[in-house]
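Close look at the chain arrangement
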Number of protein chains: 2
Amino acid sequence: MIVGILGGGQLARMLALAGVPLGIETVVVDPSPSPCAALVARHVAAPYDDAEALDRLSGLCDVVTCDFENVPAAALERVARTTRVYPGARSLAVLQDRLTEKTCFSELGIPTPRFHPATSPGELRDAIESIGMPCVVKSRRFGYDGKGQAVIDRLEDVDRADELLAASSVIVESFIPFEHEVALVAARSTSGEHVYYPLVESHHVDGILRWVVPIDAPELQQQAEQYAGRLLDELGHVGALGFEFFRTSDGLLANEAAPRVHNTGHWTIEGAATSQFENHLRAIAGLPLGNTATTGFAGNVNFIGSVPDPADVLAVEGAHHHDYGKEPRPGRKVGHATVVTKDVESRDAGLVRLRELAEAALR
Amino acid sequence: MIVGILGGGQLARMLALAGVPLGIETVVVDPSPSPCAALVARHVAAPYDDAEALDRLSGLCDVVTCDFENVPAAALERVARTTRVYPGARSLAVLQDRLTEKTCFSELGIPTPRFHPATSPGELRDAIESIGMPCVVKSRRFGYDGKGQAVIDRLEDVDRADELLAASSVIVESFIPFEHEVALVAARSTSGEHVYYPLVESHHVDGILRWVVPIDAPELQQQAEQYAGRLLDELGHVGALGFEFFRTSDGLLANEAAPRVHNTGHWTIEGAATSQFENHLRAIAGLPLGNTATTGFAGNVNFIGSVPDPADVLAVEGAHHHDYGKEPRPGRKVGHATVVTKDVESRDAGLVRLRELAEAALR
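Reading the values: the criteria
Residues numbered from 1 in each chain as written. Chains lettered and ligands numbered in written order. Predicted model: local features only at pLDDT ≥ 70, side-chain atom pairs only at ≥ 80, totals over all residues. Heavy atoms only, no water. Least-squares fit on C-alpha atoms with pLDDT ≥ 70 in both. Contact = heavy atoms within 4.5 Å. Pairing = 2+ DSSP bridges. Helix = DSSP H or I, 4+ residues; strand = E, 2+ residues; numbered from the N terminus. Axes fitted to C-alpha atoms, helices over the stretch in contact; angles between N-to-C directions. Core = buried A, V, L, I, M, F, W, Y, C linked by side-chain atoms within 4.5 Å. Buried < 20%, exposed > 50% of the residue type's maximum accessible area, 1.4 Å probe, protein only. Polar contact = N/O pair within 3.5 Å; in protein donor to acceptor, adjacent residues only side chain to side chain. Salt bridge = Lys/Arg side-chain N within 4 Å of Asp/Glu carboxyl O. 1 Å grid on protein atoms, 1.4 Å probe; cavity = no way out; pocket = protein on both sides within 12 Å on 5 of 7 lines; lining within 4 Å. Points joined across faces, edges and corners; volume = space filled by probe spheres on them. Parallel < 35°, antiparallel > 145°, perpendicular 65-115°, else oblique. Left-handed = near helix turned anticlockwise from the far one by under 90°.

What about the relation of the copies chain A and chain B?
Note on the copies: chain A fits chain B at an RMSD of 0.0 Å, the axial shift is 0.0 Å, and the rotation between them is 180°. Read as a symmetry element, the transformation amounts to a two-fold axis. Take the interface residues of chain A: 100% of them recur as interface residues in chain B, which is what a same-surface contact looks like.

Observations regarding the sheet that holds strand β8 (residues 149–152) of chain A
Residues and elements named next belong to chain A. A sheet is described by the order of its strands in space; here four strands give the open sequence β6-β9-β7-β8, paired in antiparallel fashion. In the strand order of this sheet, the two ends are held by β6 (115–118) and β8, each with one partner. The mean angle between the axes of side-by-side strands here comes to 25°, regardless of whether they run parallel or antiparallel. Looking at chain direction, strand β7 (residues 135–139) and β8 are connected through four bridges and run antiparallel. Paired with V136 across the two strands is V151, which belongs to β8. Where helix α6 (residues 121–131) meets the sheet, it contacts β6, β7, β8 and β9 (170–174), and its direction lies at approximately 170° from that of β6.

Description of the nonpolar core
Ranked by size, the top nonpolar core spans 58 residues in total, and within it A:L281 and B:L281 carry the most contacts. At the level of elements, β1 (2–6), α1 (10–19) and α10 (276–285) of chain A together with β1 (2–6), α1 (10–19) and α10 (276–285) of chain B are the ones that each hand at least two residues to this core. Excluding residues that lie within four positions of it along the chain, A:L281 makes contacts with A:V3, A:L15, A:A18, A:G19, A:L22 and A:I24.

Some points on the side chain of B:T264
Residue and element names in this part refer to chain B. Tracing the backbone shows T264 in the loop between β15 (251–258) and α9 (268–271). There is a polar contact of 2.7 Å between the side chain of T264 and the side chain of H262. If sequence neighbours within four positions are ignored, T264 has contacts with A183, V185, V200, S202, L209, V212 and E244.

Quick notes on unusual backbone geometry
Omega for the bond connecting A:M133 with A:P134 falls within 30 degrees of zero, at 0°, which places this linkage in the cis form. Along the chain, A:P134 falls in the loop between α6 and β7. Omega for the bond connecting B:Y86 with B:P87 falls within 30 degrees of zero, at 0°, which places this linkage in the cis form. Structurally, the position occupied by B:P87 is in the loop between β5 (84–85) and α4 (89–95). For A:D206, which is not glycine, the phi dihedral falls at a positive 55°.

Description of the pattern of salt bridges
Residues and elements named next belong to chain A. The final tally for this structure, using the stated rule, is 28 salt bridges over all chains. With a closest N to O distance of 2.6 Å, R260 and E69 form a salt bridge. Taken as a pair, R260 in the loop between β15 (251–258) and α9 (268–271) and E69 in the loop between β4 (63–66) and α3 (73–80) lie far apart in primary sequence, 191 residues in all. Taken individually, R260 and E69 each receive the classification buried, so the pair is uniform in this respect. A salt bridge links D348 to R347; the nearest nitrogen and oxygen atoms lie 2.7 Å apart. Judged by relative accessible area, which is 35%, D348 ranks as partly exposed. Take R347: its relative accessible area is 7%, and that puts it in the buried class.

As for the sheet that holds strand β9 (residues 170–174) of chain B
Residue and element names in this part refer to chain B. What the four strands build is an open sheet, ordered β6-β9-β7-β8; its pairing is antiparallel. Every other strand in the sheet has two partners, leaving β6 (115–118) and β8 (149–152) as the edge strands with one partner each. Here the strands of the sheet are splayed against their neighbours by 25° on average, with no regard to which way each runs. Direction of pairing for strand β7 (residues 135–139) relative to β9: antiparallel, over a ladder of five bridges. Residue pairing across strands places S139 opposite V170, the latter belonging to β9. Strand contacts of helix α5 (residues 98–107): β6, β7, β8 and β9, with the helix running at about 150° to β6, the strand carrying the most contacts. Seen against the sheet, helix α7 (residues 158–167) touches β6, β7, β8 and β9 and runs at an angle of roughly 155° to β8.

Considering empty space enclosed by the protein
Summed over all chains, the structure comprises two cavities of 30 Å³ or more. The volume enclosed by the largest cavity comes to roughly 40 Å³. Around the largest cavity sit A:P21, B:R13, B:M14, B:L17, B:H322, B:D323 and B:Y324, which together line it. Take the lining of the largest cavity: its biggest share by element is three residues, from α1(B). The space that makes up the second largest cavity amounts to roughly 30 Å³. Lining the second largest cavity, in full, are B:A183, B:L184, B:V185, B:Y197, B:P198, B:V200, B:T264, B:G265, B:W267 and B:T268. Considering each element in turn, the lining of the second largest cavity owes the most residues, three residues, to strand β10 (residues 181–188) of chain B.

Side note on the environment of B:R78
Residue and element names in this part refer to chain B. Topologically, R78 is positioned in helix α3 (residues 73–80). Residue R78 is classed as partly exposed on the basis of its relative accessible area of 26%. With 22 residues separating them along the chain, R78 and R56 place their C-alpha atoms 11 Å apart. Contact partners of R78, with chain neighbours within four places excluded, come to A51, L54 and D55. Looking at R78, its side chain comes within polar contact range of the side chain of D55, at 2.8 Å.

Overview of the packing of helix α6 (residues 121–131) of chain B against α7(B)
All names here are of chain B. The N-to-C vectors of α6 and α7 enclose an angle of 130°; their axes lie 10 Å apart at closest approach. One element, α6, and the other, α7, form an angle in the oblique class. α7 is crossed by α6, and the crossing has right-handed handedness. Contact residues: P121, L124, R125 and I128 in α6; V158, D159, A161, D162 and L165 in α7.

Geometric values such as these leave the question of function open.
Below is the structure:
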């Protein structure tokens, strides 16, 4: 089987690696001359609106997927004329826009922060008044890693939000005080089979995910799986999906969902019986989904900007090193390490050490 | 880091896959126009005595290894002039020849079946008389999967052994009645660090390994580790090594050792904290070796000749599918499946089902 991927970053690279044992070959379309997935996948260097490249992809592949959610809808529509595309247009259309996304959550009975859309400076001020301060103004489209957001706690700051309006319609959300976010990675196959990984605590710095640790919280897990299950079925979603929540004293509030393998699920490569990458491929290939149970006490640390010396990383008990083969650049996700141990204490000690190494690599 | 591999079969392919996350790129030299490792490694298509190709390899690579033990010594010597080569010449020289191999075992106090060399029909008959019948006559070099061997239990059959003599010197060994073999995969790094995986029972049909299951046998484990440790240090070996033993009522008798990753260790990809492929690369790259503990109850089944439908394989609880991407051909190792579960019963049931699927795929 040949799987096409729109986007050739580290997610595509880890998908391609997971595919090889399954007999799945991978072709990526990416405008970059040498995207990091090209080491292990065939690469078609073209922009996502290149009709000829898209037709070549659909001619080569049995099924096409993507490694980022902001794939132009027109590209997917073109590929879908002749080839199966998972996730489908509905998953992307709903989840690419924070307004349709949050509206969908609400309609499914999934609690969210209060939200209100705005398309003009007047509407924005009305929306802020309606939601109350502090609030967060977010671009409806193309936000990631905290970009395209502004926290407003005084009316004098509203000018900063006006800048966001210039680029896109926005959504105003109530500001949720939270200690950390939690995230659930789920997958749904062409047959409608669902699987869920353990919830993780996810810790961000400057809007970028720094480290995650799976938690054992049966009630929260059940709540998150119910919400994700509703969303997967409503969208008719096929493939992996990462669902991020704020953990509050009143339970989970849905923040956002990404219709793809997710940075909060990288620990599953060594820390779960079947990785999120393998389960995404199994899901879109119509194969039975794999066991999502943990193999030990796991956690993972992202390498942002630069990758530490692998000898230091691998000296940590139970550590596994992942270098994405990308040029170092401030704020860029260039690798990660996962630690899996037999007890909580050594896992936690390993995570502390890996975070030190991640920080030290930046100096 | 760039690692070169002489040989581009499934072992090279699994090494290449293990290297990608570590930031290790792979180049294979293989005379075949499309060896199965070429999907994930750069491929230099050349015979092993092609000086230009070998020089190109050593120019490209930081370290060179091999995926089979019968690499011509001259090829390794040429590469070693300018590049580090692991395992070293001594590991290969000793273990390529059943006589030097068994002699080395004996000198290290590692019990073996009784053995005697022969280079002529007269010596062969003397050797058979000295060892006694039944005995096994084996080519000293280039044997694999039971090829190059003849069991002699009547003097009338000695003509079959004469054929072996025509091709190579032989060794005559006492025939060991055994229920199954056991095998130990070990690894030793450039720093002299050792690790050992759990012993496995290995089951052969027609001389070809069909399935393995790790066993929990502390005394045998300790004995095997002592023997392997002596051998690793004696050879100054760097990399993985597979050591096969006959399990008898008197303990372990050494059969043979292969200075490379080993078919009896494929289960470690999902069934151990660190795979044999990753530990081979860590060993030759001078990185700390990884934990070899099991992640559950594991076992694996080889696919010989043809690969079953992955949907059937993956419907087995805890199963992982490995298709090497090779053309089906009788007797050829074309894939394997590993099962990892939380209890012995479901592991054993999974192995039974996988063996059925492996058999059914041949019909």
